[in-house]
Amino acid sequence: MPVAATAPLISSVQKLVLYETRARYFLVGSNPAETKYRVLKIDRTEPKDLVVIDDKHVYTQQEVRELLGRLDLGNRTKMGQKGSSGLSRAVSAFGIVGFVRFLEGYYIVLITKRRKMADIGGHAIYKIEDTNMIYIPNDSVRISHPDEARYLRIFQNVDLSSNFYFSYSYDLSHSLQYNLTVLRMPLEILKTETTQTRQEGFDIFEDEGLSTQGGSGVFGICSKPYEKYVWNAKLLEAVRSAVHRDWLLYIIHGFCGQSKLLIYGRPIYVTLIARRSSKFAGTRFLKRGANCEGDVANEVETEQIIYDASVMSFSAGSYSSYVQVRGSVPLYWSQDISTMMPKPPITLDQADPYAHVAALHFDQMLQRFGSPIIILNLVKEREKRKHERILSEELVAAVTYLNQFLPPEHAIIYIPWDMAKYTKSKLCNVLDRLNVIAESVVKKTGFFVNRPDSFCNILRPDEKWNELGGCVVPTGRLQTGVLRTNCVDCLDRTNTAQFMVGKCALAYQLYSLGLIDKPNLQFDTDAVRLFEELYEDHGDTLSLQYGGSQLVHRVKTYRKIAPWTQHSKDIMQTLSRYYSNAFSDADRQDSINLFLGVFKPAEGKPHLWELPTDFYLHHKNALSLSQTRRSYTYWWTPGVLKHLPLPFDEVTCAENRRKLTVKKFHKYDEEIDIHNEFFRPYELSSFDENFCLAMTNSTRDFMPKNVGIDPSPFTVRKPDETGKSVLGNKNNREETVLQRKTAASAPPPPSEEAVSSSSEDDSGTDKEDEGAVSQRSTPVKVTDTGDNTKITENVVQATKDVYGINLSDTPSEEDLAIYERFVQLGQGQHKYDKGSQQFCSKHPLDEVINLKPISSFSQDSIYEVQPPRTDKKSMEIFHAHIEVGRGNFQPLGRDDLLIYREYVRNRYM
């Protein structure tokens, strides 16, 4: 079945200007080139209702100017008066977050500042830097309410400038695998799904342009967002059906980071995107477990995307991604924080013998990810006082019950591993064990890559590659199933485990793209250091959102190479987390409930701050019984099982096709032209503002600056050898030697104390963990020899290690002769007589050597250069260019006329 030419739809509303009159707001949106405009009319005379009118018409720049001129003239207080304008410009923006109402009228929330954070195949991902909240009704019709200001403060407590992201052309709520799978739908299906509404984007050249190209149109595809990860869905609910889709800008919350991995100059972009669920969202101790609909607390989907940035197109480029999930244990459980204890006891709130809530949760995962679902449970198994083990026992019972009814090949895989126990052991290495788990997980799930296996994989076969799971298709590989990692809080231990799995998947991704010869990456390479920094930023950001502080324990902590100063930082982070949980989490939870529309203020109802708990807001079955009861045995959604291991959401079926918007365009149309969207030829570009130059770079930021260093990012470095910390004074060099012993992730010597395993859940309060925190990275013994204390290691690096030869040996006579001839060759090539400044040499070879310059320039020295002659064809091109500048144009050919016609049609029609 042939595959059609497809492209993601690009929103044509990327620049907004809000104009106001006394009766209306006019929101004028345009594309970046300012050639297409749309206008929204917002009524200001309604005190409590929202009236938004979208005429669905596409205006030209001239038409918009005339429209605004008429509005200005018609709204002046006196006809013909020029002093007071009837139409004033209120604010400029880049998108609409949504509309919200508390107890008075509606507000509109606009994005006023943005910053580019990542680029995926030319599709820009922006972070919201600032917003503006504008009250819509006019002052003359405003009905004041005494509690309106308090609700406004609570709503604005959700800082939209902190880790909220959006894109005009890339669906951030879905994975790369889903987005590219949708673009590869068969041609026959797209033809039947193509929208027939020509009035929406009528073009006088549409039919003619498609026919002149032999009917070669491009299908623009836009999919319905996955609302679980959309944070402004409720804010857009009031206008979703009334306005054109280009006005709707969906934002996600979580993390987005991108770095450039340079492999001998070849740019490979490493992107990390974390999507935080908007369902059952909240803060650490106030949101635990799951709600009645199967949504769990602190659920985050993390996706790592690798692609070759030298080819930008989705169809021609090389792209790979791997997805994993973290989330609270899917049970009814909570922790009572009224006792002001750092570690409140865990309580199971409801008995669930048929694992109803777990079934709902895993059903969602089967639909989105396919099978197998792998659970990596990191909670403690051995405790003096039964605490975390309560969750493990209930989770094992739930998984065992649900697996009875699934086919064995699609059963949920449960991996329990007490990470805290292994961390405290002096004989076990945490990351080595995690690496074994990661290898088995990636082999089961596979990963996504949009191209068939490289020929180099056939030339250099690897036995692990043949054992790789997933689904192999003609266009590449698909990830089937997902790893779900959890501890109690899903912060510190979970982030380290996810990093190890991501590192293992990264090796397979680079191998599939033909960039390394074996799917294996070692610590202390530039590539892994770059990836580790991304994951630490990712973990810090997610930890701040849920726990109120940054990570307490990092990858270096579990590798036992963290500096001794890290211990004091961990204590401060633990105190910060405790303070946040005890004093500020309740206010943050109220803000999240109001922002996400979980609580809607209304007259006659209790206010948000008067509710003793928000349990009833998140558990709908507490107020009303469901009319339909799910089966206790067939607990999955009908139709999901027959498509496994493929995820149901990515299967081509009638239900999924209804989620797509398909429209046929000319191949040069701005709504599908990602080349025009990325390079923006109509704007003046500046190198200083170029995103690809500003992002983290493996060569600039991680590769050592020493002479003779191998530039490969896969070469193992010494712990201090990075672009950020080059060897400097003696203290730095001594610290380097002290850290070198522990750099290879080997078990520590028996004399070193174990690292605390109190992770994010323990907060340093368990007696069995106290006193066991030692993050010193200096296990090398120091011997005292009287007055001076000397380190047993040699501080100065051997010259053979640096230069490859031992410089202390005297060169042979033959080598000296070669060197002298080389010097004389260089001196003779650039010899130049200038007055009295003659080069004098006593060496007898000076008068013998007579060299001709090897440069293409006839005269080439430090004093003058004569450019080479130019051929006739180059001179003709240059003269033609000069004549064009003077206004003397050459006659255009047929191809030139066709290209110009396409340009005019796309820009002005």
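- Looking at an unreviewed UniProt entry, one finds the protein chain named FIG4 phosphoinositide 5-phosphatase and attributed to Zonotrichia albicollis.
- Regarding the protein chain, the relevant UniProt record gives this comment under Subcellular location (unreviewed entry): "Endomembrane system".

**Overview of the environment of Asp-453**
Phase 1: Locating Asp-453 in the fold gives a position in the loop between strand 20 (448–449) and helix 11 (455–459).
Phase 2: Using a relative accessible area of 38% as the deciding quantity, one classes Asp-453 as partly exposed.
Phase 3: On a C-alpha basis, the gap between Asp-453 and Arg-477 in space is 8.5 Å, while along the polypeptide they are 24 residues apart.
Phase 4: Non-local contacts of Asp-453, meaning those with residues more than four positions away in its chain, are made with Trp-465 and Arg-477.
Phase 5: Here Trp-465 takes part through its side chain, which lies 3.4 Å from a polar atom of the side chain of Asp-453.

**Some words on helix 14 (residues 526–547)**
Phase 1: With 22 residues, helix 14 ought to run about 32 Å at 1.5 Å a step, and its terminal C-alpha atoms sit 30 Å apart, in line with that.
Phase 2: Of all 22 residues making up helix 14, 19 are buried, and the element is well covered by its neighbours.

**Examining the pattern of salt bridges**
Phase 1: Summed over all chains, the structure comprises 29 salt bridges.
Phase 2: We note a salt bridge from Arg-275 to Glu-301, for which the minimum N-O separation is 2.6 Å. Of this pair, Arg-275 sits in strand 13 (residues 266–276) while Glu-301 sits in strand 14 (residues 300–308); the two residues are 26 residues apart in sequence, bridging distant segments of the chain. One exposure class covers both Arg-275 and Glu-301, and it is buried.
Phase 3: Its salt-bridge partner being Asp-526, residue Arg-717 comes within 2.9 Å of it at the nearest N-O pair. Within this pair, whereas Arg-717 is found in the loop between helix 21 (698–701) and helix 22 (730–740), its partner Asp-526 is found in helix 14, the two being separated by 191 residues in sequence.
Phase 4: Given a relative accessible area of 5%, Arg-717 falls into the buried group.

**Looking at the environment of Ala-355**
Phase 1: Residue position: Ala-355 is located in the loop between strand 17 (346–348) and helix 7 (356–369).
Phase 2: Residue classification places Ala-355 among the buried positions, given a relative accessible area of 3%.
Phase 3: C-alpha separation for the pair Ala-355 and Tyr-332, spaced 23 residues apart in sequence, amounts to 10.0 Å.
Phase 4: In contact with Ala-355, not counting residues within four places along its chain, are Ala-398, Tyr-401 and Leu-402.

Reading the values: the criteria
Residues numbered from 1 in each chain as written. Predicted model: local features only at pLDDT ≥ 70, side-chain atom pairs only at ≥ 80, totals over all residues. Heavy atoms only, no water. UniProt positions renumbered as here; feature names shortened; annotations may be inferred. Helix = DSSP H or I, 4+ residues; strand = E, 2+ residues; numbered from the N terminus. Buried < 20%, exposed > 50% of the residue type's maximum accessible area, 1.4 Å probe, protein only. Contact = heavy atoms within 4.5 Å. Polar contact = N/O pair within 3.5 Å; in protein donor to acceptor, adjacent residues only side chain to side chain. Expected span 1.5 Å × (residues − 1). Salt bridge = Lys/Arg side-chain N within 4 Å of Asp/Glu carboxyl O.

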